[in-house]
Amino acid sequence: MKYLRSFYKRHRGMAALALLLLLGQVVGTLLIPALIANVVDLGILPGNMDAILRTGGQMLAVALLSAAVAAAGSWVTADLGARFGFEMRSLLLRKSQELSLHQFDEVGVSSMITRTTSDITNLQQTMGMVLQMVVPAPLIVGASIVMTAMVTPVMAIIQVGFMAALAALAAVVLRKSNALSRSIQVRLDRINRVVREAVTGVRVIRAFGNEAYEEARSGDAYRSYADNMIRLNRLFAVAIPVVWMLMGALMAVVLWAGGVLTLGGGMEVGQITAVTEYSILTMGYLLMAVSVLTTLPKARACLARLTALLDTRPDVEDGAASDTVAGPDRPAVEFDHVSFSYLGAEEPVLRDISFTLYPGQTAAVIGSTGSGKSTLADLLLRLHDVGEGAIRVGGVDVRALTQQELRERIGCVPQKAFLFSGTIAENLRMGRPNATDEALWRALGIAQAADFVERLPLGLDAPVAQGGTNFSGGQRQRIGIARSLALRPKFVVCDEAVSALDVSIQAQIINLLQELKEKQHLTYMFITHDLSVVKYISDRIGVMYLGSMVELAPSDDIFQHPLHPYTEALLNAIPTTDEDAAKKPEVLEGDIPS
């Protein structure tokens, strides 16, 4: 509830205006029955046409004014709801960027989408309905009872009795719908997860002929959600007719009691009409309030889910900013006895990793899948924090830097380049929004992507579909490399950056990266499973095996005098060329394949 209270505190002026308009609407609503009674008692029964016209004109003016006030109130409450949705979605987006990868995985993509869309939409709708239907109800009910009691206390007692019955019914419905509403949101998470997997994995599903299984899995998720929704709707299907029955019974009792009192001289005919109108207003607003209150358990469950996520303390928190820049004698990157374990894991992923990389050097980290290579990059970027030891960039512990400052110093090319919907230029400017077109073309040229981008009709402004699906895997990877270089970093981490490219493109990109290193004194760390990729450009090579760096030596020493059996196994896996059978190199003509 603290986020809701904080929102109303920030927008208390608009909230006060909404309440003031609602109060005006209530006053207008309550005046109509009194004016109707005057029409009957002062106009119709005595036959006074002037009184009828005068009171009718007053009724028309009150109705028009009430309608205008109600419209303004609806606009203000809708605006409040929209602002609340905007602020909550902004908070969720910011929180999703603050959470560590492990925390984000615990929440899950499907649950994050549900909370950002369905949960907040439910809260927006409930907020508007509460302001328009629930807040006026106590004022209407209280005023109706007072004005009815002024006519005759008997009628007020009858109203209170029926309201008590309606309140008891509402309490039962709310208690039963509370648990159902919470479970519905959990099942909606599951539907989002299943649908998302079915859509993103459609190629794999078709390749394995697994359509029937996916249909059954989706059907189970839909049925689970539908069963709970049916149970909730059945509850309302019983409650709503009972409420209307109570309203009809109240009208019957009011008319019967009013007739008896009128025959005895205790009430005027017009007063019966007024009391009837007050009773209809009272039960009508209570009915609307109860209808809205039945949605409160679901809204409360949505708010609790949002609060739990927003209150999550990130595992990785910013340190203080630092102006330290790596000099020639200061290590660009230093791993100092680093160990790391994922939460709940029995064994550490990394054990006692230590190495130093100076500005202008190129290091390669090689090893098989699952040896911990990519985890080194994640720790360097502070996607996780180290368990033991320290990582320093420019001599400063990464935990003492802000995450933004750290990532501005490091360019990262991940194994799978993800492109965002928009244009090529917007993707390239992710880390450097003010980069010029010339700088973007330079980065594309180094990444061997300039040729195919130039052939696009719109060039840098060519559209990019979600995930970059309108480009081939190689094209996406090259745009990803260009995006990292457009940042103009001093240190570049390449995590299997060229693994998706053919050998000729790999060689050209690596050669251009080597030239860029010499011109701009860059520092590289290549993470790969293929020694042949980094054989001729690495100053030092570290060999990862089962979470440990079993060998770290200059490149020539690794290839000529390997010390660890695993390193020997990797070297033996590199194809060799029979020099006696080697042919004269051939020059291939034509464009580089895209």
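For clarity, every value in this text was computed on a predicted model and none was experimentally measured.

K.L.:
Residue-level account of the overall build of the chain, with values.
P.N.:
Regarding its fold elements, the chain presents 21 helices and twelve strands. For the C-alpha atoms alone, the extent of the chain along its principal axes is close to 125 × 50 × 50 Å. Within the chain, the proportion of its 594 residues that are buried is 45%. Considering only residue pairs separated by 6 or more positions, the chain has 75% of its internal contacts joining residues 24 or more positions apart. Surface summary for the chain: the accessible area is close to 30,600 Å², and the carbon and sulfur share equals 60%. Averaged over its 52 positive side-chain charges, the chain has a centre that lies 9 Å from the centre of its 57 negative ones.

K.L.:
Explain the sheet that holds strand β1 (residues 333-340) to me, and be specific about the residues and the numbers.
P.N.:
Spatial ordering of the open sheet is given by β2-β1-β4-β5, a layout of four strands whose pairing is antiparallel. Of all the strands in the sheet, the pair left with one neighbour each is β2 (350-357) and β5 (396-397). Pairing of β1 with β2 involves five bridges; the strand directions are antiparallel. Looking at the pairing, Phe 335 lines up with Phe 355 of β2. Here helix α12 (residues 373-380) sits on the sheet in contact with β1, β2 and β4 (388-393), set at roughly 115° to β1.

K.L.:
Lay out empty space enclosed by the protein with the relevant residues and their values.
P.N.:
For the structure shown, the criterion picks out two cavities of 30 Å³ or more. Here the largest cavity is characterised by a volume of approximately 50 Å³. Lining the largest cavity are Phe 355, Thr 356, Leu 357, Ala 363, Ala 364, Val 365, Arg 540, Ile 541, Gly 542, Met 549 and Leu 552. When contributions to the lining of the largest cavity are tallied by element, the ones reaching two or more residues are β2, β3 (362-367), β11 (540-545) and β12 (548-554).

K.L.:
Give a detailed account of the sheet that holds strand β9 (residues 491-495), specifying residues and quantitative values.
P.N.:
Strand order in the open sheet formed by six strands is β6-β9-β10-β3-β11-β12, with mixed pairing between adjacent strands. Taken across any chain shown, the strands that pair with only one partner, and hence form the sheet edges, are β6 (410-413) and β12. Each strand of the sheet is rotated relative to its neighbour by a mean of 15°, with strand direction disregarded. Relative to β11, β3 runs parallel, the two sharing five bridges. Bridge pairing links Val 365 to Gly 542 in β11. Running at roughly 140° to strand β10 (residues 523-528), α12 makes contact with β3, β6, β9, β10 and β11 of the sheet.

K.L.:
Report on the confidence of the model for the chain, specifying residues and quantitative values.
P.N.:
Per-chain confidence: the chain averages 81 in pLDDT, with 94% of residues scoring 70 or above. In the predicted structure, residues 581-594 sits below a pLDDT of 50 and forms twelve contacts with residues beyond four places in sequence or in another chain.

K.L.:
For a nonpolar patch on the surface, give the residues involved together with the corresponding values.
P.N.:
Taken together, Leu 17, Leu 20, Leu 23, Val 27, Leu 31 and Leu 139 make up a surface patch of nonpolar side chains, about 510 Å² in accessible area. Within the secondary structure, Leu 20 is located in helix α2 (residues 12-44). Accessibility expressed as a relative area gives 55% for Leu 20, which makes it exposed.

Reading the values: rules and limits
Residues numbered from 1 in each chain as written. Predicted model: local features only at pLDDT ≥ 70, side-chain atom pairs only at ≥ 80, totals over all residues. Heavy atoms only, no water. Helix = DSSP H or I, 4+ residues; strand = E, 2+ residues; numbered from the N terminus. Buried < 20%, exposed > 50% of the residue type's maximum accessible area, 1.4 Å probe, protein only. Contact = heavy atoms within 4.5 Å. Areas by Shrake-Rupley, 256 points an atom, 1.4 Å probe, with all protein chains shown as cover. Lys, Arg positive; Asp, Glu negative; His and termini not counted. Charge placed at Lys NZ, Arg CZ, Asp CG, Glu CD. Pairing = 2+ DSSP bridges. Axes fitted to C-alpha atoms, helices over the stretch in contact; angles between N-to-C directions. 1 Å grid on protein atoms, 1.4 Å probe; cavity = no way out; pocket = protein on both sides within 12 Å on 5 of 7 lines; lining within 4 Å. Points joined across faces, edges and corners; volume = space filled by probe spheres on them. pLDDT = per-residue confidence, 0-100. Patch = residues over 30% accessible without salt bridge, like charges linked within 9 Å, V, L, I, M, F, W, Y side chains within 5 Å. Salt bridge = Lys/Arg side-chain N within 4 Å of Asp/Glu carboxyl O.

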